[in-house]
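Coordinate analysis (summary)
Each chain, letter by letter, is given below.
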Amino acid sequence: MLAEKEEKLVGGLWYAPVYTLVGRDVFVERLYVVPEQRRKGYGEALLEELVEKEKNISEGIQLVAPESALAFYFSLGFQRIGKEHYDGRQNFSLLYVWI
């Protein structure tokens, strides 16, 4: 999925289906918005597009987020479901939201 502004690419969301014991989820591999376009709603719009596309197919959305992005994801209803881990630079958490 891509986000554009005035015919220029400003962000994207890459995801893949994952199958669990209770059904199908989607795992967000990467959500990216170019730095000068952040905090303008593009990330939220990409996630809303994913929810709309998957709401009748998947149970929820999983992703791993850096500590610096947790407030954004929490504001969209995501919850921390996995233990934090450190990659040598920052902490990451596994997040989930039901759709």
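Now for a look at the structure at hand.

Here is what the cut-offs are and how they apply
Residues numbered from 1 in each chain as written. Predicted model: local features only at pLDDT ≥ 70, side-chain atom pairs only at ≥ 80, totals over all residues. Heavy atoms only, no water. Helix = DSSP H or I, 4+ residues; strand = E, 2+ residues; numbered from the N terminus. Rg over C-alpha atoms; globule rule 2.2 N^0.38 Å. Buried < 20%, exposed > 50% of the residue type's maximum accessible area, 1.4 Å probe, protein only. Contact = heavy atoms within 4.5 Å. Areas by Shrake-Rupley, 256 points an atom, 1.4 Å probe, with all protein chains shown as cover. Lys, Arg positive; Asp, Glu negative; His and termini not counted. Charge placed at Lys NZ, Arg CZ, Asp CG, Glu CD. Pairing = 2+ DSSP bridges. Right-handed = clockwise from strand over helix to strand, strands pointing away. Core = buried A, V, L, I, M, F, W, Y, C linked by side-chain atoms within 4.5 Å.

Attention now moves to the overall build of the chain. Looking only at helices and strands, the chain has two helices and seven strands in total. Each helix and strand of the chain, ordered N terminal to C terminal, gives the series β-β-β-α-β-α-β-β-β. Radius of gyration (C-alpha) of the chain: 14 Å, near the 13 Å computed for a compact globule of 99 residues. Referenced to the eigenvectors of the C-alpha coordinate spread, the extents of the chain come out at roughly 45 × 35 × 20 Å. Burial status across the chain gives 35% buried among its 99 residues. A separation threshold of at least 6 residues defines the contact pool for the chain, and within that pool the share at least 24 residues apart is 51%. Working note: accessible area of the chain is about 6,700 Å², and carbon and sulfur atoms make up 51% of it. Positive and negative side-chain charges in the chain, numbering 12 and 15 respectively, have mean positions lying 5 Å apart.

One face of the sheet, then the other: side chains in a regular strand alternate in exactly this way. As paired elements, strand β2 (residues 8-20) and strand β3 (residues 23-33) share 10 bridges and run antiparallel to each other. Residue pairing in the sheet places Y15 in a bridge with V28 of β3. Between β2 and β3, which follow one another and run antiparallel, lie two residues. The parallel pair β3 and strand β4 (residues 60-66), bridged by helix α1 (residues 42-54), forms a crossover whose chirality is right-handed.

Here we come to the nonpolar core. Ranked by internal contacts, the top residues of the largest apolar core, which has 20 residues, are V28, I61, L63, Y73, F78 and L95. Every element with two or more residues in this core is listed here: β2, β3, α1, β4, α2 (70-75) and β7 (91-98). In terms of residue count, α1 provides more of this core than any other element does, four residues in total. Ignoring sequence-local partners within four residues, the contact set of F78 consists of L47, I61, L63, Y73, L95, Y96 and V97.

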